[in-house]
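Residues per chain are reported as follows:
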Amino acid sequence: MRPISPRYLLQFTESAGYLDFARFGPPSYAVLDATARLSEQSAHAGPATVDELMRQEVRAKAAAARLCGSDTDHIVLQPHTSMGLLQAAFSVPGGTVLVSEAEFPANTYPWARAEQTGRVTVRRLRAGHVTPDAVAEALTDDVTVVSVSAVDFRTGYRADLAALRDVIGDRLFVVDGIQGFGVIEAPWEVADVLVVGGQKWLRAGWGTGFTKLSDRMLERMDPVLSGWTGARDPGLFDNTIHPPESTAAAWSISNLSPVTSGAFAEALELVEDAGVAAIAARIAERVDALQDMLESLGATIVSATDRRAGILAFTLPGQPAEQVGIALNSAGIAATVRPEHVRLSPHASTSLDVVDEVRSALTALARARTATPAPPSASGPATHELLTSLVPAVHGLAAMLGPGNEVLLQDLSRLPDSIVAIAGDLTGRTVGGPMTDLLLGLIRRGTTQDLINYRTNSPDGRPIRSSTLFLRDADGVAVGCLCVNSAMAETVAADAPEQPETFPRDIDSLQRFLIDRAIAKVGVPPAEMKKQHKAAVVRELDEAGFFLIRDSVEHVAGQLDVTRYTIYNYLTEVRG
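Being a predicted model, the structure only gives us computed values, none of them experimental.

Conventions used here
Residues numbered from 1 in each chain as written. Predicted model: local features only at pLDDT ≥ 70, side-chain atom pairs only at ≥ 80, totals over all residues. Heavy atoms only, no water. Helix = DSSP H or I, 4+ residues; strand = E, 2+ residues; numbered from the N terminus. Expected span 1.5 Å × (residues − 1). Buried < 20%, exposed > 50% of the residue type's maximum accessible area, 1.4 Å probe, protein only. Contact = heavy atoms within 4.5 Å. Pairing = 2+ DSSP bridges. Axes fitted to C-alpha atoms, helices over the stretch in contact; angles between N-to-C directions. Phe/Tyr/Trp six-rings, centres within 6.5 Å; stacked < 30°, edge-to-face > 60°. Lys NZ or Arg CZ within 6 Å of the ring centre and 35° of its normal. Salt bridge = Lys/Arg side-chain N within 4 Å of Asp/Glu carboxyl O.

**Student:** Just checking my understanding: could you explain helix 12 (residues 353-366) for this structure?
**Tutor:** The α-helix advances 3.6 residues per turn, and as a result positions three or four apart in sequence lie on the same side. Taking 1.5 Å as the rise per residue, helix 12 with 14 residues should run 20 Å; its terminal C-alpha atoms sit 20 Å apart, in good agreement. Residues of helix 12 that are buried: Val 354, Val 355, Val 358, Ala 361, Leu 362, Ala 364 and Leu 365. On the buried face of helix 12, the contacting elements are helix 10 (276-296), strand 9 (312-315) and helix 11 (321-330).

Below, the structure written as structure tokens:
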């Protein structure tokens, strides 16, 4: 295998800690230059400018065809993966479509919408890797289409496309290739419909993509979404509706931007120049290095380890994914944080130095859980030595302040039941109790700035003046906070800025309060909620830090009468 092209590597200047290519791939200099050059050309338009610009589409189609072993008659450019999959859903000849319930929404909504119109029936594979055995077990005579992702967006599992083709037989095979095309070697030719977006691993920017159609699909399809540019003789304006083209061009709705087409061509040609095998090997080297480092820190790799592409998902024992994400973000590491894990996705241009940067960020986070003995009243993970040393001061400070005051110490490594010391009974809480909804929301947003002298109310309605001071370790990472609450006369407290805050006595109370508040904001009873209402509840809960609480996904799933996978899908949507 040839080494990676230096020309390829010199094209990229993303930040050293960028590990989020499964979400978005920063474009190359070639893409930026093509965009600027073609925009400049269009700004000084002459007699031949439009025709010259439109040739960029042919150039991009030719590059895409070469990379997937096809030709331009079988390629149509699309602005994104969702459009290609929507076209597929409304072009297949009917019957039952088999698709995993755990697919990315771009590969579920089109089939659901086509089912709404009566064009197809959707059958969902249970969540898990889409293997040939799982598909074979689910196949029945009425199944006419099987739709899968070449690489699963959560687990990085690389589907065995060749084996799936053998199992599927003469049925139509739809493949969402966005998480693998250009960075893994795969038999793309076995797909009847291959849909690829260019904004991730291809690094072509938003608004770029293509679809490849097989002869089998061309023969069977009914392209009802075909526009005027997808018709035969599109330049003949004779006041009639022309039939769709017999090539992949039938899926065209209108002319795409020649500027983005030219940028897309640059990105595809850059991949050709470097070689997919060389890119794949570089990415695999970086994923392996990150995995070795993570496992040395006690992390659990929850993504695929055998058939995998460039996605590496992990969990750290005792550390919520949100907390891990905050630590990485603070260290300049870009990653995707989901309720169940953290996802890293390096590219060929990623420096191996990032492995040490991630190690340092996670090691700093782990210092809050060192072997320093916890105070006798605390339970769970070990408390940071800074917090342990302050436990006696809590009681001394409360004694100095006198009656009507409350002092407490919170350990952020114990989210959300974080109280490790408390003196005073102004809010009725005890050691082992949870933090307030206000503090939980701050942690969720990564905001650890002190709050001084704000007005709130105790559980019995009395006005109190509160202050929250964040405590940091030697690396500046917030490990806990010291809170002081003081009962005040109404007239004295009125001049302080007000912060609504609730003081739950246990986790169940905190969960009930957050869910009830989210439902009240949406304004629809759970029994009458539609999908958009339930997604809005999940958005409210996410912003409030609800999913930092253990078993929170299962808890809200029960309240909304949906599966936990549905909650994960809502979270994916609301987080963009």
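Following the structure, the description resumes.
**Student:** Honestly, the sheet that holds strand 9 in this entry has me stumped. Any pointers?
**Tutor:** Pairing between the strands of a sheet is mediated by backbone hydrogen bonds and can be parallel or antiparallel. The strand order across the open sheet formed by four strands is 8-9-11-10, and the pairing between neighbours is antiparallel. In this open sheet, the two edge strands, each paired with only one partner strand, are strand 8 (300-301) and strand 10 (336-337). In this sheet, strand 11 (residues 342-344) lies alongside strand 9 in antiparallel orientation, the contact comprising three bridges. Residue pairing for strand 11: Phe 314 is matched across the bridge by Val 342. Sheet contacts for helix 10: strand 8, strand 9 and strand 11; angle to strand 9, the most-contacted strand, approximately 5°.

**Student:** Could you clarify how one ought to interpret the packing of aromatic side chains in this entry?
**Tutor:** Geometry of an aromatic ring pair is reported as the spacing of the ring centres plus the angle between the planes. Enumeration according to the criterion identifies 10 aromatic pairs in this entry. Relative to Phe 12, the ring of Tyr 8 has its centre 5.0 Å away and its plane inclined at 65°; by these criteria the two rings are edge-to-face. Between the aromatic rings of Phe 546 and Phe 547, the centroid separation amounts to 5.3 Å while the plane-to-plane angle is 90°, which identifies the pairing as edge-to-face. Owing to a relative accessible area of 0%, Phe 546 belongs among the buried residues under this scheme. Exposure remark for Phe 547: the relative accessible area of 6% places this residue in the buried category. Over the ring of Phe 104 we find Lys 200; its NZ or CZ atom is 5.4 Å from the centre of that ring.

**Student:** Mind showing me how you'd approach the sheet that holds strand 1 (residues 75-77) here?
**Tutor:** Spatial ordering of the open sheet is given by 1-7-6-5-4-2-3, a layout of seven strands whose pairing is mixed. With partners counted over all chains shown, the strands left at the sheet margins are strand 1 and strand 3 (121-125), one partner each. Averaged over all adjacent pairs, the angle separating strand axes in this sheet is 20°, with direction ignored. Where strand 2 (residues 96-100) and strand 4 (residues 143-149) come together, four bridges link them in parallel fashion. Residue pairing for strand 4: Thr 96 is matched across the bridge by Val 143. Sheet strands in contact with helix 3 (residues 49-67) are strand 1 and strand 7 (209-213), and its direction is about 130° off that of strand 1.

**Student:** Looking at this structure, how should I read the pattern of salt bridges?
**Tutor:** Pairing between side chains of opposite charge can happen when their charged atoms approach one another. A complete count under the given rule lists 18 salt bridges for this structure. Between Arg 216 and Asp 170 there is a salt bridge whose closest N-O contact spans 3.0 Å. Here the residue Arg 216 occupies a position in helix 8 (residues 215-220), and Asp 170 occupies one in the loop between helix 7 (161-168) and strand 5 (172-176), the gap between them amounting to 46 residues. Between Asp 288 and Arg 308 there is a salt bridge, with its nearest N and O atoms 2.6 Å apart. With Asp 288 in helix 10 and Arg 308 in the loop between strand 8 and strand 9, this residue pair connects regions lying 20 residues apart in the sequence. For Asp 288, a relative accessible area of 38% translates into the label partly exposed. Overlapping salt bridges, with partners in common, bring together Arg 165, Asp 170, Asp 192, Arg 216 and Arg 220 in one network.

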